[in-house]
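For reference, the chains in residue letters:
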Amino acid sequence: RFPYRGMMLDVARTWIDAAGVKRYIDLLSYHGINKLHLHLSDDEGWRIEIRSHPELTEIGGFRGGDSPVRPVYGKWDEKYGGYYTQDEMRGLIRYAAARNIEIIPEIDLPGHSLAAIGCYPQLACDGRGGWGKHFSTPLCIGRDSTIAFCKNVLTELFDLFPSQYVHIGGDEVERTPWETCPDCQRRIRAEKLEGAGELQAWFTRKTEQFLAAHGKTLLGWDEITEDGLTPQSAVMWWRSWMPSTLTAALQNGHRVIESPSEFLYLNGELDRNTLSKVYGWEPLPESLRAWQEGLLGIQANMWTEDVPTADAAGERLFPRLLAVAETAW
């Protein structure tokens, strides 16, 4: 039914090693799911080796114990974590490709970045980072050095992942530090932007251009819909309480992947999104049929803030993921 039939696995919060990921690749392949979206960075961990910035994994890949990177959710009594070397990831990419699965990487920018800030405090506006009014404090995108850091990371992803899509997150960004940061305010004036909200839109557009110059397509959570991107970028709609964002993305000509939290977030207990609820969801109701060509497909998400092991993730994914697979087919 859809060319994009996906699952997102959050390995940033709960570390799942290469053998564990291969187990999931096997399970996905059995059921005709052809995209594995790996959430490789967040506040709690950085999981992919970046050779130009080795501290991202040497420090940011671990938390607890004597690590300066502390967990935002939960508590860890001893040093916890891990990461994929680039060679390990190439092996996973080959393993997945042999089973008709494309691995799509996500590095969350410019929010959800405390693991990176814990390694390089100069990436934060205040040189520390922490927790803001609603979310973690973001990268300081007023500084050219931060933009260079992002480009270095993305360039290594381009060389590593053959996937057409590179997911940059873009969700839940705490913009308040930008309102008082001299560097961010300087950027806002220089680019003739109207405040902190437009600063993120500027960053997303620049990132889109950078990806396009390297033959890649930007994919982000649905917050990017209002950032003035070209129709070439793709939107992953997750905010089920904001259906207007879904229709706006389709009307703007974006390719859209539906991943509504109300139905396809499978990290909750089984009595939250029940099997019958997931199975009964219709991704293409009559109201969307005019834009059905723009709908690439659907994706289930496994976030792991409260899912401590790979086995625990499996217990929540199944059997609901089978309903997602059947809907996608």
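That block above? That's the structure.
Thresholds applied
- Residues numbered from 1 in each chain as written.
- Predicted model: local features only at pLDDT ≥ 70, side-chain atom pairs only at ≥ 80, totals over all residues.
- Heavy atoms only, no water.
- Helix = DSSP H or I, 4+ residues; strand = E, 2+ residues; numbered from the N terminus.
- Rg over C-alpha atoms; globule rule 2.2 N^0.38 Å.
- Contact = heavy atoms within 4.5 Å.
- Areas by Shrake-Rupley, 256 points an atom, 1.4 Å probe, with all protein chains shown as cover.
- Lys, Arg positive; Asp, Glu negative; His and termini not counted.
- Charge placed at Lys NZ, Arg CZ, Asp CG, Glu CD.
- Buried < 20%, exposed > 50% of the residue type's maximum accessible area, 1.4 Å probe, protein only.
- Expected span 1.5 Å × (residues − 1).
- Salt bridge = Lys/Arg side-chain N within 4 Å of Asp/Glu carboxyl O.
- Phe/Tyr/Trp six-rings, centres within 6.5 Å; stacked < 30°, edge-to-face > 60°.
- Lys NZ or Arg CZ within 6 Å of the ring centre and 35° of its normal.
- Arc of directions from axis to C-beta.
- Pairing = 2+ DSSP bridges.
- Core = buried A, V, L, I, M, F, W, Y, C linked by side-chain atoms within 4.5 Å.
- Axes fitted to C-alpha atoms, helices over the stretch in contact; angles between N-to-C directions.
- Left-handed = near helix turned anticlockwise from the far one by under 90°.
- Nonpolar A, V, L, I, M, F, W, Y, C, P; charged D, E, K, R; others polar.

### A short note on the overall build of the chain
Broken down by element type, the chain carries 13 helices and 12 strands. Taking 20 Å as the expected radius of gyration for a compact globule of 329 residues, we find that the chain reaches 19 Å, a close match to that expectation. Put simply, 69% of the contacts in the chain that link residues at least 6 apart link residues at least 24 apart. Accessible area of the chain: about 13500 Å², with a carbon and sulfur share of 50%. One way to put it: in the chain the 34 positive side-chain charges average out to a point 3 Å from where the 46 negative ones average out.

### A few points about the side chain of glutamine 200
Within the secondary structure, glutamine 200 is located in helix α8 (residues 196–213). Taking the relative accessible area as the measure of exposure, glutamine 200 reaches 2% and is therefore buried. Look past the residues within four positions of glutamine 200 in its chain and what remains in contact with it is Pro110, Ile141, Gly170, Val173, Arg175, Trp178 and Asp227.

### Regarding helix α5 (residues 144–160)
Relative to the 24 Å expected for 17 residues at 1.5 Å per residue, α5 spans 25 Å between its end C-alpha atoms, a close match to the ideal helical length. Burial in α5 covers these residues: Thr146, Ile147, Phe149, Cys150, Val153, Leu154, Glu156, Leu157, Phe158 and Leu160.

### Quick notes on the pattern of salt bridges
Evaluated as defined, the whole model comprises 19 salt bridges. For aspartate 183, the salt bridge identified is with arginine 186, shortest N-O distance 2.8 Å. Placement of both aspartate 183 and arginine 186 in helix α7 (residues 182–190) is noted, with a separation of 3 residues, approximately one turn of the helix. In this structure arginine 186 comes out as partly exposed when scored by relative accessible area, which is 45%. Look at the salt bridges and you will find they share partners, linking Asp10, Arg13, Asp42, Glu44 and Glu305 into a network.

### Topic: the packing of aromatic side chains
Per the stated rule, a full pass over the model turns up 9 aromatic pairs. Both rings, one in phenylalanine 263 and one in tryptophan 281, keep their centres 5.9 Å apart while their planes meet at 20 degrees; by these two values the pair is stacked. Here the residue phenylalanine 263 occupies a position in helix α10 (residues 261–264), and tryptophan 281 occupies one in the loop between α11 (275–280) and β12 (295–302), the gap between them amounting to 18 residues. On the accessibility criterion, phenylalanine 263 (22% relative accessible area) is partly exposed. Cluster of aromatic residues (ring-pair linked, three or more members): Trp221, Trp238, Trp241, Tyr265 and Trp303. One residue, arginine 5, lies across the ring of tryptophan 329, its end atom 4.4 Å from the ring centre. Between the NZ or CZ atom of lysine 277 and the centre of the ring of phenylalanine 263, over which it lies, the distance is 5.5 Å.

### Examining α7
Within α7, the full set of buried residues consists of Cys184, Arg187 and Ile188. The buried residues of α7 all sit within an arc of 100 degrees when viewed along its axis, so they share a single face. Facing away from the buried side of α7 by more than 90 degrees, the exposed set consists of Pro182, Arg189 and Ala190. Looking at the buried positions of α7, the neighbouring elements they touch are α5, α6 (176–180) and α8. Looking one or two residues past α7, lysine 192 carries a phi angle of roughly 55 degrees, positive in sign.

### Details of the pairing of strand β2 (residues 35–39)
Within β2, 5 of the 5 residues are buried, leaving the element largely enclosed by the surrounding structure. Pairing of strand β1 (residues 4–10) with β2, which is carried by 5 bridges, proceeds in the parallel orientation. Bridge pairing in β2 places leucine 9 opposite leucine 38. Both β2 and strand β7 (residues 102–109) contribute to a ladder of 5 bridges, which runs parallel. Looking at the pairing, leucine 36 lines up with isoleucine 103 of β7.

### Things to note about the nonpolar core
Leu36, Trp46, Ile48 and Met89 are the most contacted members of the largest nonpolar core, which has 91 residues in total. For this core, the leading source of residues is α5, giving 8 residues. Residues Tyr4, Ala234, Ile257 and Trp303 belong to the second largest nonpolar core, which totals 13 residues.

### Considerations on the sheet that holds β7
With respect to topology, 8 strands assemble into a closed barrel ordered β1-β2-β7-β8-β9-β10-β11-β12, the strand pairing being parallel. On average, each strand axis in the sheet is tilted by 30 degrees relative to the strand beside it, whichever way the strands run. Note: strand β10 (residues 234–237) against strand β11 (residues 255–258), 4 bridges, orientation parallel. In the strand pairing of β11, tryptophan 237 is matched with glutamate 258. Across the face of the sheet, helix α13 (residues 320–328) comes into contact with β1 and β12 while running at roughly 175 degrees to β12.

### Points about the packing of α5 against α8
To characterise two packed helices, one gives the angle between the axes of the helices and the distance between these axes. Where α5 contacts α8, the axes come no closer than 11 Å and their chain directions differ by 35 degrees. Between α5 and α8 the crossing geometry is right-handed. On α8, the residues touching Ile147, Cys150, Lys151, Leu154, Thr155 and Phe158 of α5 are Trp202, Phe203, Thr207, Phe210 and Leu211. Looking at the contact of α5 with α8, its residues break down into 8 nonpolar, 2 polar and 1 charged.

These values are about where atoms sit, not about what they do.
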